[in-house]
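Below, each chain spelled out in residue letters.
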Amino acid sequence: MAFHGAGRKTVCGDLFPGSELGHKYFCVNSSCGAPSTGLSATSCLTGPTAPSGPPRHPTALGGSTGGGAAVPQPYSNPASEVPSPAEMEPDRPIGYGAFGVVWSVTDPRDGRKVALKKMPNVFQNLVSCKRVFRELRMLCFFKHDNVLSALDILQPPQIDCFEEIYVITELMQSDLHKVIVSPQPLTTDHIKVFLYQILRGLKYLHSAGILHRDIKPGNLLVNSNCLLKICDFGLARVEEPDPSRHMTQEVVTQYYRAPEVLMGCRHYGSAIDVWSVGCIFAELLGRRILFQAQSPIQQLDLITDLLGTPPLSALASACEGARAHILRGPHKPPSLSVLYMLSDGATHEAVHLLCRMLVFDPAKRISGSDALSHPYLDEGRLRYHTCMCQCCYSVPSGRVYTRDFEPVAERPFSHSYENSLLSVWQGKELIHRFITEHQQGKRVPLCINPQSAAFKTFIRSTAWHSSKVSRKEER
Ligand SMILES: [Zn+2]
């Protein structure tokens, strides 16, 4: 590929002119014009340095749960060299994932705005314990610019008072859902650079053996410079190599759910994420949801309306009811040409790639990695590595490009520890140790200021729909 345009500014700088999208993504500082709900008189959050007064030690989370809770100390250093924990107050909620609630906060160590995610109900049962530990380990495992990762984990209290986990990630300004439904213009350049980054992040996840299982526009965070990161790993799991092992169908928001999942297929793979990306690609082009059905059966009907009745070979793994439903209905011819009507951006190249992603049979669907080789994404790759990435850099004579534009994970994500996790208490000990070891030798440990009025609201925040996910979800 011939690279050109070094030094060219991103086309995306004006994607969010003036007021940014989505009030819930605003920080709560005076410059934002929004009322502060969290900054107390004792706030230490606005300056770039640690608070000037004597540092207050954290009490147990919530302040009242532990009754005389001891002050947790940092774990690694001799007491004389132990830095005092810096305190953190939440500002306001910015979103809800499949599990947990996310707030915008200021890191008191450097004044940087970051996102704080509370992972609640961790130790309710063994299933939730395993799920949260998996997500936590994934967030600490990820090292990729298009995948959200943990910047830090807040210091846990003593193990007896340890009920919730708080993870700090980079704060992003908006998400792709908000961009799509906004009146902001979305040019072909935008679409190409977004799709390139989605697939770049997905290739990395799949190379680590991880299925995201909830790829949707709301889980694709974006900044005003168009940098995109895949987030929310509450439903993610490691790919199951054994086809005889059953996996739950209670995954993926319905509009983005692959046909094999809709048809009750007991075992599926990374192709389900590629289907979701195909739906999002079409949504970026047409600025409306591609398959917007009221029920899973209608969802399947809308898919077959577009792709035509699938061949029998594509129904081999479907459950009896789904197969009967498709065979009972009228034979439908494919009507893929309607994809050209999504928008002016639906060129032959775009529709060609889209049709490779929206393939009914997962065995014949293009992989995330192969999709990146499609010519439609050449310009997105060029744009990304010319002015947006961290992997290439500029010198006076031009741009020095990385040797590997779409890197894979250094190693697969390991989940072997899960088999030996047999009780909630054991899980609690394991997670506690994981967090403290993760913090060792790093920056001044952070903790929440339990006296903060905002914190009291924050600690009451719950993931409103986490209870809807059954225990079967774990598979
Ligand atoms: Zn690069």
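Every value quoted in this text rests on a predicted model; they were computed, and no experiment measured them.

**Q** Sorry, what's going on with the overall build of the protein chain here?
**A** A count of helical and extended segments in the protein chain gives 12 helices and 14 strands. A burial count over the protein chain gives 43% of its 475 residues as buried. Counting only contacts in the protein chain whose residues sit at least 6 apart along the sequence, the fraction spanning at least 24 positions is 74%.

**Q** Explain the pairing of strand 4 (residues 113-119) here, please?
**A** Within strand 4, 5 of the 7 residues are buried, leaving the element largely enclosed by the surrounding structure. As defined by bridge partners, strand 3 (residues 101-106) adjoins strand 4 across 6 bridges and the pair is classed as antiparallel. Of the residues in strand 4, the one forming a bridge with Trp103 is Leu116. Between strand 3 and strand 4, which pair antiparallel one after the other, the connecting turn spans 6 residues, and Gly111 there sits at a positive phi close to 75°.

**Q** Is there a simple way to explain the UniProt feature "binding site: ATP" (unreviewed entry) in the protein chain in this structure?
**A** UniProt records the feature "binding site: ATP" (unreviewed entry) at Lys117, using the numbering of this structure. Note on placement: Lys117 falls in strand 4. The exposure class assigned to Lys117 is buried, which follows from the 25 C-beta atoms found within 10 Å.

**Q** Whenever I open this one, unusual backbone geometry confuses me. Can you help?
**A** Glycine aside, residues mostly have negative phi angles, and peptide bonds mostly take the trans form. Look at Arg213: it is not a glycine, yet its phi comes out positive at around 70°. Under the C-beta neighbour-count criterion, Arg213 is labelled buried, with 24 such atoms within 10 Å. At Asp232, a residue that is not glycine, the phi angle is positive and equals roughly 60°. Structurally, Asp232 is set in the loop between strand 10 (228-230) and strand 11 (237-238).

**Q** Help me out: how do you make sense of the packing of helix 1 (residues 126-141) against helix 11 (residues 424-439) in this one?
**A** Any two packed helices are characterised by the angle at which their axes cross and by the distance between the axes. Between helix 1 and helix 11, the shortest axis-to-axis distance is 9 Å and the interhelical angle comes to 15°. When the axis of helix 1 is compared with that of helix 11, the two are roughly parallel. Both helix 1 and helix 11 take part in a crossing whose hand is left-handed. Residue-level inspection shows Leu126, Cys129, Lys130, Phe133, Leu136 and Cys140 of helix 1 in contact with helix 11, the latter providing Val424, Gly427, Leu430, Ile431 and His438. The residue makeup of the contact of helix 1 with helix 11, split by class, is 8 nonpolar, 2 polar and 1 charged.

**Q** Explain the sheet that holds strand 7 (residues 174-175) here, please?
**A** Reading across the sheet, the 3 strands line up as 7-9-10 and stay open at both edges, with antiparallel pairing between neighbours. Pairing within the sheet leaves two strands with one partner each, and these edge strands are strand 7 and strand 10. Bridging between strand 7 and strand 9 (residues 220-222) involves 2 bridges; their strand directions are antiparallel. Bridge pairing links Asp175 to Leu221 in strand 9. Taken strand by strand, helix 3 (residues 188-207) contacts strand 9 and strand 10, and its axis lies near 35° from that of strand 10.

**Q** Help me understand the packing of helix 3 against helix 5 (residues 271-286), please; the structure alone is not making it clear to me.
**A** Relative orientation of the contacting elements helix 3 and helix 5 amounts to 170°, with a least axis distance of 11 Å. By the angle between their directions, the pair helix 3 and helix 5 is classed as roughly antiparallel. Here helix 3 contributes Ile191, Phe194, Leu195, Ile198, Leu199 and Leu202 to the contact with helix 5, which in turn contributes Asp273, Val277, Ile280, Phe281, Leu284 and Leu285.

**Q** What should I look at first to understand helix 3 in this one?
**A** Each full turn of the α-helix corresponds to 3.6 residues, which orients residues three or four apart in the same direction. Relative to the 28 Å expected for 20 residues at 1.5 Å per residue, helix 3 spans 28 Å between its end C-alpha atoms, a close match to the ideal helical length. Counting buried positions along helix 3 gives 17 out of 20 residues, so the element sits mostly inside the fold. A positive phi of about 80° marks Gly209, the residue just after helix 3.

**Q** Looking at this structure, I do not really get the nonpolar core. What am I missing?
**A** In globular proteins that are soluble, nonpolar side chains generally tend to be buried together. With 106 residues, the main nonpolar core has Ile198, Val222, Val277, Phe281 and Met357 as its most contacted residues. No other element matches helix 5, which puts 11 residues into this core. Counting contributing residues per domain, this core is built from domain 1 (10-35 + 78-171 + 413-466) and domain 2 (174-400), each supplying no fewer than three.

**Q** Any chance you could explain the environment of Lys442 here in plain terms?
**A** Considering the arrangement of structural elements, one finds Lys442 in the loop between helix 11 and strand 14 (446-448). C-beta crowding within 10 Å serves as the criterion here: with 10 such atoms nearby, Lys442 is assigned to the exposed category. Between the C-alpha atoms of Lys442 and Asp152, which are 290 residues apart in sequence, the distance is 9.2 Å.

**Q** Please explain the environment of Arg403 as it appears in this structure.
**A** Secondary-structure assignment places Arg403 in the loop between strand 13 (398-400) and helix 11. Considered as a pair, Arg403 and Cys392 are 11 residues apart in the sequence and their alpha carbons are 9.0 Å apart.

**Q** Can you help me understand the confidence of the model for the protein chain in this one?
**A** Close inspection of predicted coordinates is inappropriate in any region flagged by low pLDDT. Of all residues in the protein chain, 75% have pLDDT values of 70 or greater, and the mean over the chain is 78. A low-confidence stretch, residues 1-82 stays under pLDDT 50, and its non-local contacts, those more than four residues away or across chains, total 142 contacts. Counted against residues more than four places away or in other chains, residues 463-475, with its pLDDT under 50, gives 21 contacts.

Calculation rules
Sequence order as written defines residue numbering, which begins from 1 separately in each chain. Where totals are concerned, whole chains, interfaces and linings use all residues; where local detail is concerned, this predicted model gives features only for residues with pLDDT of at least 70, and gives and counts side-chain atom pairs only at 80 or more. Helical segments are the DSSP runs of H or I of at least four residues, strand segments are the runs of E of at least two, and each set is numbered from the N terminus. Exposure classes come from backbone-placed C-beta atoms, where a residue is buried if 20 or more other C-beta atoms lie within 10 Å of its own, exposed if 12 or fewer do, and partly exposed in between. Remark: residues whose backbone-derived C-beta atoms lie within 7 Å of one another are considered to be in contact. Pairing between strands is defined by DSSP: at least two bridges between the two strands are required. UniProt positions are given in the numbering used here, feature names are shortened, and annotations may be inferred rather than shown by experiment. Geometry is summarised by axes, namely lines fitted to C-alpha atoms with helices restricted to the contacting stretch, and by angles between N-to-C directions that run from 0 to 180 degrees. For classification purposes, angles smaller than 35 degrees are called roughly parallel, those larger than 145 roughly antiparallel, those between 65 and 115 roughly perpendicular, and all remaining angles oblique. Helix crossings are classified by the rotation of the near helix relative to the far one: an anticlockwise turn of less than a right angle makes the crossing left-handed, while a clockwise turn makes it right-handed. In this count, Pro and Cys sit with the nonpolar residues alongside Ala, Val, Leu, Ile, Met, Phe, Trp and Tyr, while Asp, Glu, Lys and Arg are called charged and the others, Gly among them, polar. In this scheme, a helix's expected span is set at 1.5 Å multiplied by one less than its residue total. Definition of nonpolar core: a set of buried Ala, Val, Leu, Ile, Met, Phe, Trp, Tyr and Cys residues joined via C-beta atoms within 7 Å. Start and end positions for the domains come from either an automated domain assignment or a database one. For every residue, the predictor assigns a confidence score, pLDDT, that lies between 0 and 100.

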